[in-house]
Amino acid sequence: MITFDVGQTLVELDLDFLRRRLEQRGITSTREALEAAAPAAWRHYDALVSQGAGHPWRSLMTVLLERAGVADCAPVVDWLWSEQPRHNLWRQPIAPMVELARDLARCDIRVGVISNSEGRLAELMTEIGIADPFAVIVDSGRLGIDKPDPRIFAHTLAALDGAGARTLHLGDSWAADVAGARGVGWDALWYGRQVTAVDDPHVLVAH
């Protein structure tokens, strides 16, 4: 049985969608300006996460918009956050990871999702066309339990009828995904920008 995180694992921030949302607030930006601003915004985000900040969404978006030239961006950041459950900005599929999930499902491996999200993750994944390989989509916003709480992993295991099966969870967050999975005895694959070598035979790493 294999489970995936979603944000920064199966999907990433869609800058074109963000640009269109900004236009709805009368704010003109360009894809190029947002792309140029993104590396600094992610460095800031990663630094906060490494300090234990959890999921500093607003901080990431504030730096991104400020560096892209959006003045007085606090009200628009608040608006984007309030709209996030219905208009999730993380909707650009990471195509190789989605295809990996489909390959696994075609091999009759039970594949699921465990994500800390806002409660409409299944609808989002259906909307952007990536829900098909996943037998179960567990959304913390609906379940009321966030990773790394062991109960969200136990819930997913039961939903996938995976009792006794060897289980691997893929995700980008050390605290939520890797530590969470290892805390319930699952193997883990740590994926993303910040991965480093890990001295644990039950933890794989991939950039």
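This one's a predicted model, so the numbers in the text were calculated from it and none came from an experiment.

Parameters and conventions
- Think of each chain on its own: its residues are numbered from 1, step by step along the sequence as written.
- For this predicted model, a pLDDT threshold of at least 70 governs which residues receive local features, and a threshold of 80 or more governs which side-chain atom pairs are given and counted, while totals over whole chains, interfaces and linings are taken from all residues.
- Here the side-chain values reflect all heavy atoms present in the structure, with hydrogen atoms and water set aside.
- Put simply, DSSP marks the helices as runs of H or I at least four residues long and the strands as runs of E at least two long, and each gets a number from the N terminus on.
- Only C-alpha atoms enter the radius of gyration; for comparison, a globular chain is expected to reach 2.2 Å times N to the power 0.38, where N is the number of residues.
- Exposed residues in this analysis have more than 50% of their type's maximum accessible area, buried residues have under 20%, and partly exposed residues fall in between, with area computed by a 1.4 Å probe over protein chains only.
- Contact between two residues is taken to exist if any of their heavy atoms lie within 4.5 Å; hydrogens are not considered.
- Working definition of accessibility: Shrake-Rupley area with a 1.4 Å probe, residue cover restricted to the visible protein chains.

A.B. asks: Explain the overall build of the chain residue by residue, including any values.
C.D. replies: Assigned secondary structure in the chain consists of nine helices and eight strands. The C-alpha radius of gyration of the chain comes to 17 Å, within 12% of the 17 Å expected for a compact globule of 207 residues. Projected onto the principal axes, the alpha-carbon positions of the chain cover approximately 55 × 35 × 30 Å. Expressed as a percentage of its 207 residues, the buried residues of the chain come to 47%. Pairs at least 24 residues apart make up 60% of the contacts formed inside the chain by residues separated by at least 6 positions. For the chain, the exposed area adds up to about 10100 Å²; of that, 51% sits on carbon and sulfur atoms.

A.B. asks: Go over unusual backbone geometry, please, and point to the residues and values.
C.D. replies: In this chain, Lys 147 is followed by Pro 148 through a cis amide linkage whose omega measures 10 degrees. Assignment of secondary structure puts Pro 148 in the loop between helix 7 (140-143) and helix 8 (150-159). Not every positive phi belongs to a glycine, and Gln 8 is a case in point at roughly 65 degrees. Relative to the helices and strands, Gln 8 is located in the loop between strand 1 (2-4) and strand 2 (11-13). Gln 8 sits in the buried class, given a relative accessible area of 15%. The phi angle at Asp 108 is positive, at roughly 65 degrees, despite the residue not being glycine. Summarising the element assignment, Asp 108 is placed in the loop between helix 5 (95-106) and strand 4 (111-115).

Without other data, these values stay purely geometric and don't point to any function.
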